[in-house]
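Chain and residue survey
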Amino acid sequence: MSSFVRHTGRYRDIAMALGRHGFGYLAEGIGLTRLIRLPLRRLRKDEPSARTLAERIRLVLEELGPTFVKVGQLASTRSDLLPEAIIQELVKLQDQVPPFPAEEARGILEAELHQPLAELLQSFDETPLAAASIGQVHRARLISGEPVAIKIQRPGISPVIELDLDILQHLTMLAIKRWSWVSRYQIPQMVEEFSRSIRAELDYSFEGRNMEKIRRQFQADEGIYIPGVHWPLTTSRVLTMDFVEGEHLNRLLAIDELGYNRKELAERLVNALLRQIFEGGFFHADPHPGNLLVTRNGELAFIDFGMVGRLSGEMKDHLSSLVIALMRRSTEGMVRAILRMGLVGEDADTSGLRMDLERLRERYYDIPFAEIQIGQALQDLFATAQKHQVVLPADLLLLGKALLTVEGVALALDPDLSILDLAEPFGRKLLREKYAARRLGKRLFDEAAELTDSLVDLPQQVRKLSSTLARGKLKMDMNVPEMEQFLRKLDQISNRLSFSIVLLAFSIIMVGLIIGSSLSRMPTLLWDIPAIEIGFVVATLMFLWLLFSIFRSGRF
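Here's a quick rundown of the structure. Every value quoted in this text rests on a predicted model; they were computed, and no experiment measured them. (Residues numbered from 1 in each chain as written. Predicted model: local features only at pLDDT ≥ 70, side-chain atom pairs only at ≥ 80, totals over all residues. Heavy atoms only, no water.)

**Notes on the overall build of the protein chain**
Each helix and strand in the protein chain was counted, giving 25 helices and 11 strands. Burial status across the protein chain gives 43% buried among its 556 residues. Long-range pairs, those at least 24 residues apart, make up 67% of the contacts in the protein chain with a sequence separation of at least 6. For the protein chain, the accessible area works out to roughly 30400 Å², and carbon and sulfur atoms hold 57% of it. (Helix = DSSP H or I, 4+ residues; strand = E, 2+ residues; numbered from the N terminus. Buried < 20%, exposed > 50% of the residue type's maximum accessible area, 1.4 Å probe, protein only. Contact = heavy atoms within 4.5 Å. Areas by Shrake-Rupley, 256 points an atom, 1.4 Å probe, with all protein chains shown as cover.)

What follows is the structure, given as structure tokens:
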């Protein structure tokens, strides 16, 4: 609440932006107007009739600044949750802003690198190559004469983004209490995921490590170029990398004039991304034409590694099975791959999922194999999964978006290109590796080691359970039928246990009396009193009474 009081003005800006674009009812619905004491008449109710819902969403995000623009750009990857019309509009989001002065850029460099600029650089171009909401890029030359590109974070942007992210999470909490669809469409999880991504993007050292990791994948490939990072001149707010000069892949006329082979470039682009996905499991997640260049010596260069995706070894295995199933148009194969990913919730309709995947298969059945676009096929698959409440990992969605983006760039270069043909060898290679004898042996060994560890931990777990039972803190979750069955079984066990204890006691008493009376040579009271007979009669009566009670309850 103290944070809300300090930043009431920002809450007011958000409410007014919603009102200006016809979303005043949202601000009113979550109680934002009451929190900031904003009269409803201040929110314009006249929704612009000339603009669609998707357009108005984009305008709101652009008006609210860099944080919300970044959220919108990340949301454009969630084709499993958002309609296609909104996705297409979010893709248009632009965060181009006027550059900040070169004097400030110089000051940030010297403050971050703790040296005068003259001792670090031979020259520094004051006109930025590009400017965005988070930072801008300047061309420079090192003391050694090597050209570099330096990305410098915009001054004061980090506190602004942190504030907006906190506000966004607060508004999400308010929305959860008001509308059930907020949780159903996983909005809180999306906001949390986007917040992590944006915070990672604020630390340029993460981008540098991403670049280095993918660069190592292509060290032996002369046709692919990934810029190197100059770590002595890199911090969380400054990223210094090799300067890349070339033509962007969407400048087709310039590419033709320079004499590059479009078909070769398209195949190299697709193969490079597929290698990142299927072999490295770590891939460039935003391969749009602005981040792809062909250099003067004909190399294909990737730049801007702020957004990357990661796939575990297990996820790569399942993805390869999914790709093969797509190529074979096997519904059962697709269902098995999805189920093995562990993405299907308990409430998911598996039979309905199978039927919709069968319809999806029929849609692609008559299309020639070479004309199937794997990116679009995955997008259709994700939409089908979302319909049946299948939760998809964020990295898998980034993969779908990356493939779809690369397909667009590659098909513009070569309309006859079949990405599915290029993907098939990678899928088959992964399947061969998956079932290789060495890998199967390692998997068996790992599972045996895990089982051994579990057995070793078993006594400790039993002791913990025993301690929990002794304290009476064991929690059980059962419905009424299960509780009735449990109580009945417990009653049967207790009755049988009581029967066994009484029978044992009866036997011990009788044996003790008989042995004691037979071994004793001195006359005792037992010789004058028929203790054995009396004890036998009493124990027999108790035994019969207990048996009668147990059989009468019907729970023996």
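**Observations regarding the pairing of strand E6 (residues 238–242)**
Counting buried positions along E6 gives five out of five residues, so the element sits mostly inside the fold. Pairing of strand E4 (residues 147–153) with E6 involves five bridges; the strand directions are antiparallel. Pairing of Ala 149 across the sheet is with Met 241, part of E6. (Pairing = 2+ DSSP bridges.)

**Concerning the sheet that holds strand E7 (residues 246–248)**
One open sheet accounts for four strands, arranged E5-E10-E9-E7; its pairing is mixed. In the strand order of this sheet, the two ends are held by strand E5 (224–225) and E7, each with one partner. When E7 meets strand E9 (residues 292–295), the two strands line up antiparallel, connected through three bridges. Bridge pairing in E9 places Gly 246 opposite Thr 295.

**Considering the pattern of salt bridges**
Using the criterion set out here, one finds 22 salt bridges in the structure. Close ionic contact of Arg 275 with Asp 221 constitutes a salt bridge, the shortest N to O distance being 2.9 Å. Placement of Arg 275 in helix H15 (residues 262–280) and of Asp 221 in the loop between helix H13 (204–217) and E5 is noted, with a sequence separation of 54 residues between them. Accessibility expressed as a relative area gives 22% for Arg 275, which makes it partly exposed. Members of the salt-bridge network, linked through shared partners, are Arg 58, Glu 62, Glu 89 and Lys 92. (Salt bridge = Lys/Arg side-chain N within 4 Å of Asp/Glu carboxyl O.)

**Quick notes on the pairing of strand E3 (residues 135–142)**
The two faces of a sheet get side chains in turn, since along a regular strand they alternate between them. Burial analysis of E3 places six of its eight residues in the buried class, which makes it a mostly covered element. Two strands pair when backbone bridges link them, and strand E1 (residues 121–124) and E3 are joined in this way by three bridges, in the antiparallel orientation. Residue pairing in the sheet places Phe 124 in a bridge with Ala 140 of E3. Sheet analysis places strand E2 (residues 130–131) next to E3, joined by two bridges and oriented antiparallel.

**Examining the packing of aromatic side chains**
Scanning all chains against the criterion turns up one aromatic pair. Directly above the aromatic system of Phe 23 lies the positively charged group of Arg 56, at a separation of 4.9 Å from the ring centroid. When the ring centre of Tyr 204 is taken as reference, the NZ or CZ atom of Lys 151 above it lies at 5.6 Å. (Phe/Tyr/Trp six-rings, centres within 6.5 Å; stacked < 30°, edge-to-face > 60°. Lys NZ or Arg CZ within 6 Å of the ring centre and 35° of its normal.)

**Here we look at the side chain of His 230**
By secondary structure assignment, the location of His 230 is in the loop between E5 and E6. Given the relative accessible area of 16%, His 230 is considered buried.

**Brief notes about unusual backbone geometry**
Excluding glycine, residues mostly have negative phi values, and the peptide bonds linking residues are mostly trans. With a phi close to 60°, His 114 is a non-glycine residue in the positive phi region. Inspection of the secondary structure assignment puts His 114 in the loop between helix H8 (102–113) and helix H9 (117–120). For Asp 304, which is not glycine, the phi torsion reads 60° and is therefore positive. What makes Asp 304 partly exposed here is its relative accessible area of 32%.

**Some thoughts on the packing of H15 against helix H20 (residues 394–413)**
Axis separation between H15 and H20 bottoms out at 8 Å; the angle between their running directions is 170°. Judged by the inter-axis angle, H15 sits roughly antiparallel to H20. Residues Arg 262, Leu 265, Ala 266, Leu 269, Val 270, Leu 273, Leu 274 and Ile 277 of H15 touch H20, and the partners they reach there are Leu 399, Ala 402, Leu 403, Val 406, Val 409, Ala 410, Ala 412 and Leu 413. (Axes fitted to C-alpha atoms, helices over the stretch in contact; angles between N-to-C directions. Parallel < 35°, antiparallel > 145°, perpendicular 65-115°, else oblique.)

**Quick notes on helix H5 (residues 53–64)**
End to end, H5 covers 17 Å across 12 residues, agreeing with the expected 16 Å (1.5 Å per residue, within 8%). Every buried residue of H5 is listed here: Ala 54, Arg 56, Arg 58, Leu 59, Val 60, Leu 61 and Leu 64. Buried residues belonging to H5 abut helix H2 (8–20), helix H6 (66–75), helix H7 (84–90) and helix H10 (157–178). The first or second residue beyond H5 is Gly 65, which carries a positive phi of 100°. (Expected span 1.5 Å × (residues − 1).)

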